[in-house]
Amino acid sequence: MYIYSRANQNPALLVFGILFYRWHNILAGRVSSQHPTWTDEDIFQSARRLNIASLQNIIAYEYLPAFLGEGIPKYSGYNSDIHPGISHDFQSAAFRYGHTLIPPGIYQRGALERVKSSRKRRNSTVLQEKIKCNFLKAPDGSSATRNAAILTRRHFEKMLFKKKTTSDGIFCIKVFGPKVENILRGMSSQIAEREDATLCADIRNKVEKCLFFLMYFGLQPVSNWSDINPKLYKEDPEIFHKLENLYGPQGLQDIDLYIGGMLESDEGPGPLFRNIIKDQFQRIRDGDRFWFENRDSNIFTDEEIEAIRSITLWDIIVNATDVQPEEIQREVFYWRDNDPCGQPRQLSHVDMKPCLHHQKFDYFQGSEMAYIYGIMLVVGFPLLAGFLAYLAIKYTNSSRRKIKAAKFTRNESKLSLDKITVREMIEEDSYRFVKAKFGPNSTLQTIDRKGNILTKIDFSSKQTVTVKVNVENEGEYLALIKAKDYHDIVFSFDKEAERKRFLLKVEGLLASTQCIMETVITNGKTIVSTAETKAKREKKLEHFFREAYSVTFGLNQHKQTKSFGSSDVMSICLSREEFASALGMKPNDMFVRKMFRIVDKENNGRISFKNFLDTVILFTKGRVDDKLRIIYDMCEEDSNGLVDKNDFKDMLASLIALAKTDKIPSSDVSDLISSMFQTAGIENTSSISYADFQKLMGQFKGDLLTVGLDCKGAHHNFLDTTSNVARMTNFKLEDETETQGVCKSSLSSRWESLVVYLEENRQALFYIILFYAATFGLFIERFMHYSFMAEHTDLRQVMGVGIAITRGSASALTFSYSVLLLSVCRNLITKLKELSLHQYIPLDLHIQFHKICSCTALFFSLVHTAGHLVNFYHVSTQPVHHLQCMSREINIPAGVNPNITYWLFNTLTGITVNLFNIFRITQAPKFWLFVMGPGIIYILDKIVSLRRSYLELDILETTLLPSDVIRIKFYRPPNYKFLSGQYIKVSCTAIQPEEFHSLTITSAPHEDFLSVHIKAIGPWTWKLRNYFDPSLNPETDTEEVEAESGLRRRRSLSAAPLVAKIRLQGPFGGGNQDWYKFEVAVMIGAGIGVTPYASILNDLVFGTSTNRYSGVACKKVYFLWICPSHRYFEWFIDVLRSVERKDVTKVLEMHIFITQFFHKFDLRTTMLYICENHFQQLSRRSLFTGLRAQNHFGRPDMEAFFKFVQKKHSYVSSVGVFSCGPRAVTRANNTACELVNRNKKLPYFKHHYEGFG
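Just so we're clear, the structure is a prediction, and the values are computed from it rather than from any experiment.

What counts and how
Residues numbered from 1 in each chain as written. Predicted model: local features only at pLDDT ≥ 70, side-chain atom pairs only at ≥ 80, totals over all residues. Heavy atoms only, no water. Helix = DSSP H or I, 4+ residues; strand = E, 2+ residues; numbered from the N terminus. Buried < 20%, exposed > 50% of the residue type's maximum accessible area, 1.4 Å probe, protein only. Contact = heavy atoms within 4.5 Å. Areas by Shrake-Rupley, 256 points an atom, 1.4 Å probe, with all protein chains shown as cover. Phe/Tyr/Trp six-rings, centres within 6.5 Å; stacked < 30°, edge-to-face > 60°. Disulfide = S-S within 2.5 Å. Expected span 1.5 Å × (residues − 1). Polar contact = N/O pair within 3.5 Å; in protein donor to acceptor, adjacent residues only side chain to side chain. Salt bridge = Lys/Arg side-chain N within 4 Å of Asp/Glu carboxyl O. Core = buried A, V, L, I, M, F, W, Y, C linked by side-chain atoms within 4.5 Å. Patch = residues over 30% accessible without salt bridge, like charges linked within 9 Å, V, L, I, M, F, W, Y side chains within 5 Å. Pairing = 2+ DSSP bridges. pLDDT = per-residue confidence, 0-100.

*Asks:* Go over the overall build of the protein, please, and point to the residues and values.
*Replies:* Within the protein, the regular secondary structure consists of 44 helices and 32 strands. Within the span of the protein, comprising 1253 residues, buried residues form 45% of the whole. Put simply, 72% of the contacts in the protein that link residues at least 6 apart link residues at least 24 apart. As displayed, the protein has an accessible area near 65,000 Å², and 55% of this comes from carbon and sulfur atoms.

Structure representation (structure tokens):
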């Protein structure tokens, strides 16, 4: 009854529900006393059967005869052929007949009051006792309670319930006697209304409307409207006339069932409704297999059936309530004369106060500001966190720039340099704020907010500088300065005073160089339109190069013809600075000067469009002799037709300088030139002619055939259609026909790729599937439990599907977070890598698995949050009495409905205690089950790391290396063991003792010290390098030493100051530490990623040359070093030189790739290859590094290299590929491994990597 949605609409329905609840308890007590050995479930089921039977008996044999005036036929037994369902005619018409009998209100009557009175009779006093009926007022003061008013919780509490506080402080609702009894007494005295065509307003407004059926129940039809109800026709014929007009001539055949049934009713249901009702209840009885009179079901014995038949509603009321027997009549469905307490009068709607229709409680009313604050909090907190993170990033970048620029600004700080913030014009109507910096010397610079130099003007070589300014009355004050010969710079000012101040500073700067400033006054529009700004010049140059290459290669000729003939392109000329910029070089480079002299045929210091186009066509479509002629002319200085050896030497030296490598000794260059001349047979001449030059370069004509000039703007590369990869002549395959099979379809190729991917990553995929199976299994198990198995619980009823979502996602995310801890137990992972278990678990991918777990936990955290939002909605809109038995913290006064303000700001855990434990109810404390095991392992792992982190180690030596690299050599603790390729976490006590950074160990395991190489990138690394920089820290005791390469470096003899110590954690396992397990290994280091190989290569040659390592299986190791330039990692060249000297077994083969260079078929690259190959043949070492390792220019073609290794070492089953460097490099290596493994040939390439960036 309480769950029934209409129970709260009618107090009578609710009272009858409570009455039979109580009757159930009475019956349960009687059964318990009769059968003391029965269980609670047996007692409950027995009382339940008796309670249902009592209700069946009262309805069928007491209420129905009183309602119809006649009973239903005697029960003859269960009939399986009868349908016991509700018929449409009963539901839609006959059932509604009772609605016309309902009065507008319900009387409430209290217990009978006995009033004693005395009356004198003759000489004596007679005491008399009278019975007084106590009819009560309704809560609103009316004589009765409205019948169909929707009752609020406050009304129920005042009318039916009271609160009772238990000993543990929990509030519960308990039904107490008088209110229920008052309604029962009142209903026993109250008489139903007479049936009519009018329903009371409460029923008419609250009950759904009827559907009408066109049928009769098989009774004798009538032919006239007056025959339906002759009595009613005499009393109110107007009703029949209106219906007759409404339905028309055939109205008696089309009349609606409900209307016809109501019209014929008089002193009870008419024949039609009476038959329908009798038929319905008889079918319900006869078609019910569990009807209490059905002896075949063996539910009750004959004695029990007879006892049930004797029960009346009066018996139930008297036994289940506090109503006394004399307070109500025995036949409660009738009221006759001499029955107790007749009703005061028949109720009418005029006796009731107007019904105030209850509105749903608006939880947002009065909480508008709280709702706004809540939205601001929910939306604003992530935005605030993002903004703070943005500020932190900006602050970090700013600190990094300041630290990096500290050594450059030290000298500048001694000078008095003026800076003015101005607006610089980029294009018309486009400006940017910059700082104009005057000095040092005679330069004017513009600097952006990050400190980058945008434009630099040097006035030292000029005698006169023209400055154009506009007139004063134009509103905008402009100043144009000729920045360089090919573009201008325009400044804009808001006030004339600002421009005068700027011009005075410019004039003062020019005066220091004996330069004169000429001021020209002109129109502002003229300045803007004629100014050749840098941006405008760059657009013209882009058009220049695009037109040149379009004409050369015939690209879009139909679109470019008009542009080619236009004067704006033909009139553009390149200066030497712009030509150098297009070649990616500096204007003063010898190659630029010589090439510019060749292309500038007019010798006017400019390259016209026609000259540039002729040069491009020559390098694209010209003959080898034409290209050789250009090279010869570049070497010729005196224009006498001969090239001196020294000129040729200078030319090669300038090309070698382009490689940005160490300074090559002049003797090596001389030996190279002499060897080349000797090979060509012209060693005895001091100068050579063009014919001699052709003989000299004859052996390289194959290389010169495709030579070109890699220039800016050549978006469609005419030299090579492939990527800019290095030419690795050592790795050419003798027969490539093996790899050229039948072309496969796209679907077949994709299928092979998928198969190879699954084979290579089968271990990782297995554990990922296992992880997600457990995660989603936990989610589904909890979700199903709270959705179906716990659907009857209060928590599920209150919070709906939200509790299933939150509990399922909570189990999933707690499992994810627990596994997350295991993925960062570095010491455990390091130990596992040393065991044979490593081959069954892909421990190298623990960081990737950590990311997967993190993303999964984040996803379920969002789902968990969404579920709690659903819970919040259900809890905040739930009746309070549904929540009060869930937690003792919920203590809300009666009649108070909490609104948004309460739920958002008055229930915060830690601020208020109202709902401190409500989270415990929705979130059962089971997290410890998941986290206990991984948590203990993680804590033990951290203890192992912290055990050594507080040991401070002495710094033995620090060395400042080029490219902002510092080498720190420090004390090795006793019994400290590690493997080459592992890394440690390091902190410096002089910088930030508690801040540890992961660094690869660069010293070998057999050495008695530890060392790391650190490149200054972030704030901590820059602070560390500057701390040991003698120019920034004078307390450091240093000396200058010369490395093996001849480069002099600054080395610290002691720590600066002596308090600087090193603290470390680890060692920890790295992706490269398993190199010794492979017979053939390929090692690829890119950028700063070469640091692990400083230790690995030293360890390799030490073990193979001394035979001290029994576990090293390597017989051949290929090491590929990929770097932008040698200059960036000169320290590593010293390491490689030492490794080559110790490699007596020739187990190591090294190749160096310079990526920051020109196209592989560019003229400059080709000349360097010629020099490198010839010098290798001459001295068996590289011209650039002095190593046996050959230099290559460009990125390596890893697929071709792996195929070479596969063909050369086909006798091994697998090759270990180890790479460390930027993510793009490791990804390219992994892709190359997959492509080669797709051929399913031995050996199989297994990729291990450490990536960053």
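*Asks:* For the packing of aromatic side chains, give the residues involved together with the corresponding values.
*Replies:* If you walk through the whole model with that rule in mind, you get 34 aromatic pairs. Each ring, one from phenylalanine 90 and one from phenylalanine 281, has its centre 6.1 Å from the other, and the planes form 90°; the classification is edge-to-face. Here phenylalanine 90 is found in helix H3 (residues 88–92), whereas its partner phenylalanine 281 is found in helix H11 (residues 271–286), with 191 residues between them in sequence. An angle of 45° between the planes, with centres 5.7 Å apart, marks the rings of phenylalanine 779 and phenylalanine 860 as tilted. Highlighted residues: phenylalanine 779 in helix H30 (residues 762–789) and phenylalanine 860 in helix H34 (residues 846–876), separated in sequence by 81 residues.

*Asks:* How would you explain the state of the cysteines if you had to name every residue and give the values?
*Replies:* Summed over all chains, the structure comprises one disulfide. The residue that forms a disulfide with cysteine 133 is cysteine 341, at a sulfur-sulfur distance of 1.7 Å. Its S-S torsion of about -90° marks the bond between cysteine 133 and cysteine 341 as left-handed, since a negative value means left-handed. Residue cysteine 133 is found in the loop between strand E4 (124–132) and strand E5 (135–136), and its partner cysteine 341 is found in the loop between helix H13 (313–320) and helix H14 (368–404); the two are separated by 208 residues along the sequence. With a relative accessible area of 8%, cysteine 341 lands in the buried category.

*Asks:* A description of helix H41 (residues 1130–1142) should follow, citing residues and the corresponding values.
*Replies:* Compared with the 18 Å implied by 1.5 Å per residue over 13 residues, the 19 Å span of H41 between its first and last C-alpha is a close match. Of all 13 residues in H41, 11 are buried; the element is thus mostly enclosed. The complete set of buried residues in H41 reads Glu1130, Trp1131, Phe1132, Ile1133, Asp1134, Val1135, Leu1136, Arg1137, Ser1138, Val1139 and Glu1140.

*Asks:* Can you tell me about unusual backbone geometry, naming the residues and giving the values?
*Replies:* Here glycine 1066 and proline 1067 are connected by a cis peptide whose omega angle stands at 15°. With respect to the helices and strands, proline 1067 occurs in strand E26 (residues 1061–1068). In this chain, leucine 1242 is followed by proline 1243 through a cis amide linkage whose omega measures 0°. Positioned with a positive phi, asparagine 298 is a non-glycine residue whose angle comes to about 55°. For asparagine 298, the position within the fold is in the loop between H11 and helix H12 (302–309). Judged by relative accessible area, asparagine 298 falls into the exposed class, the value being 65%.

*Asks:* Residues and numbers for the environment of glutamate 306, please.
*Replies:* Assignment of secondary structure puts glutamate 306 in helix H12. Take glutamate 306: its relative accessible area is 43%, and that puts it in the partly exposed class. Sequence separation of glutamate 306 and glutamate 293 is 13 residues, and the distance between their C-alpha atoms is 8.9 Å. Within polar-contact distance, the side chain of glutamate 306 engages the side chain of arginine 309 at 2.9 Å.

*Asks:* Run through the pattern of salt bridges, naming residues and quoting values.
*Replies:* Two side chains of opposite charge can pair, provided their charged atoms sit close to one another. In this structure the tally under the stated criterion is 24 salt bridges. Linking glutamate 238 and lysine 242 is a salt bridge whose minimum nitrogen-to-oxygen distance equals 3.5 Å. One end of the pair, glutamate 238, and the other, lysine 242, are both in helix H8 (residues 237–247), four residues apart, so they sit about a helical turn from each other. Taking relative accessible area as the criterion, glutamate 238 reaches 46% and is therefore assigned partly exposed. Its relative accessible area of 53% is what places lysine 242 among the exposed residues. Note that arginine 1063 and glutamate 994 form a salt bridge whose closest N and O atoms lie 3.5 Å from each other. Of this pair, arginine 1063 sits in strand E26 while glutamate 994 sits in the loop between strand E21 (983–988) and strand E22 (997–1000), and the two are 69 residues apart along the sequence. Accessibility expressed as a relative area gives 5% for arginine 1063, which makes it buried.

*Asks:* So what's going on with the side chain of glutamate 1140? Residues and values would help.
*Replies:* Inspection of the secondary structure assignment puts glutamate 1140 in helix H41. Among the residues examined, glutamate 1140 registers a relative accessible area of 9% and is labelled buried. Excluding its chain neighbours within four sequence positions, the residues that come into contact with glutamate 1140 are Met1150, Leu1187, Arg1188 and Ala1189.

*Asks:* Tell me what's going on with the environment of asparagine 224, and back it up with residues and numbers.
*Replies:* Topologically, asparagine 224 is positioned in the loop between helix H6 (201–206) and helix H7 (230–235). Take asparagine 224: its relative accessible area is 42%, and that puts it in the partly exposed class. For the pair asparagine 224 and glutamate 244, spaced 20 residues apart in the sequence, the C-alpha separation amounts to 9.8 Å.

*Asks:* Give a detailed account of helix H44 (residues 1223–1237), specifying residues and quantitative values.
*Replies:* Its 15 residues place the ends of H44 21 Å apart at the C-alpha level, agreeing with the 21 Å of an ideal helix rising 1.5 Å per residue. When we look at burial in H44, the residues that qualify are Val1225, Thr1226, Asn1229, Ala1232, Cys1233, Glu1234, Val1236 and Asn1237.

*Asks:* Talk me through the nonpolar core; I want residue IDs and the actual numbers.
*Replies:* Ranked by internal contacts, the top residues of the largest apolar core, which has 43 residues, are Leu574, Phe579, Met595, Phe612, Phe648, Phe693 and Leu696. For this core, the secondary-structure elements that each account for two or more residues are helix H18 (534–553), helix H21 (576–583), helix H22 (590–599), helix H23 (609–621), helix H24 (624–635), helix H25 (645–658), helix H26 (666–680) and helix H27 (690–696). Take this core: its biggest share by element is seven residues, from H24. The residues touching leucine 574, leaving out its near neighbours within four places in the chain, are Leu541, Phe544, Phe545, Phe579, Phe596, Gly605, Arg606, Ile607 and Phe612.

*Asks:* Help me get a handle on a nonpolar patch on the surface, residues and values and all.
*Replies:* On the surface, a nonpolar cluster with roughly 730 Å² of combined accessible area is contributed by Trp928, Leu929, Met932, Ile936, Ile939, Leu940 and Ile943. Position of isoleucine 939 among the secondary structure elements: in helix H38 (residues 927–949).

*Asks:* An account of the side chain of serine 987 is needed here, citing residue identities and associated values.
*Replies:* Mapped onto the elements, serine 987 comes out in strand E21. From its side chain, serine 987 meets the backbone oxygen of proline 993 in a polar contact 2.9 Å long. With sequence-adjacent residues up to four places away left out, serine 987 is seen in contact with Gln992, Pro993, Glu995, Phe996, Trp1020, Lys1061, Ile1062 and Arg1063.

*Asks:* Explain the pairing of strand E31 (residues 1214–1222) to me, using residue names and the numbers behind them.
*Replies:* Buried residues dominate E31, accounting for eight of its nine residues. Pairing of strand E27 (residues 1080–1086) with E31, which is carried by five bridges, proceeds in the parallel orientation. In the strand pairing of E31, glycine 1085 is matched with cysteine 1220.

*Asks:* Before we move on, could you go through the confidence of the model for the protein and cite the residues and values that matter?
*Replies:* In this model, the protein carries an average pLDDT of 76, and 74% of its residues clear a pLDDT of 70 or more. With pLDDT under 50 throughout, residues 732–742 is counted as low confidence; its partners more than four residues away or in other chains account for six contacts. In the predicted structure, residues 909–916 sits below a pLDDT of 50 and forms 15 contacts with residues beyond four places in sequence or in another chain.

*Asks:* Could you give me a rundown of the environment of tryptophan 1075, with the residues and numbers involved?
*Replies:* Counting through the fold element by element, tryptophan 1075 comes out in the loop between E26 and E27. Distance from tryptophan 1075 to valine 1217, taken between C-alpha atoms, is 8.4 Å for residues 142 residues apart in sequence. Aside from chain neighbours lying at most four places away, what touches tryptophan 1075 is Ser980, Ala1081, Met1083, Ile1096, Asp1099, Leu1100, Val1112, Cys1114 and Phe1218. A polar contact of 2.9 Å, which involves the side chain of tryptophan 1075, links it to the side chain of serine 980.

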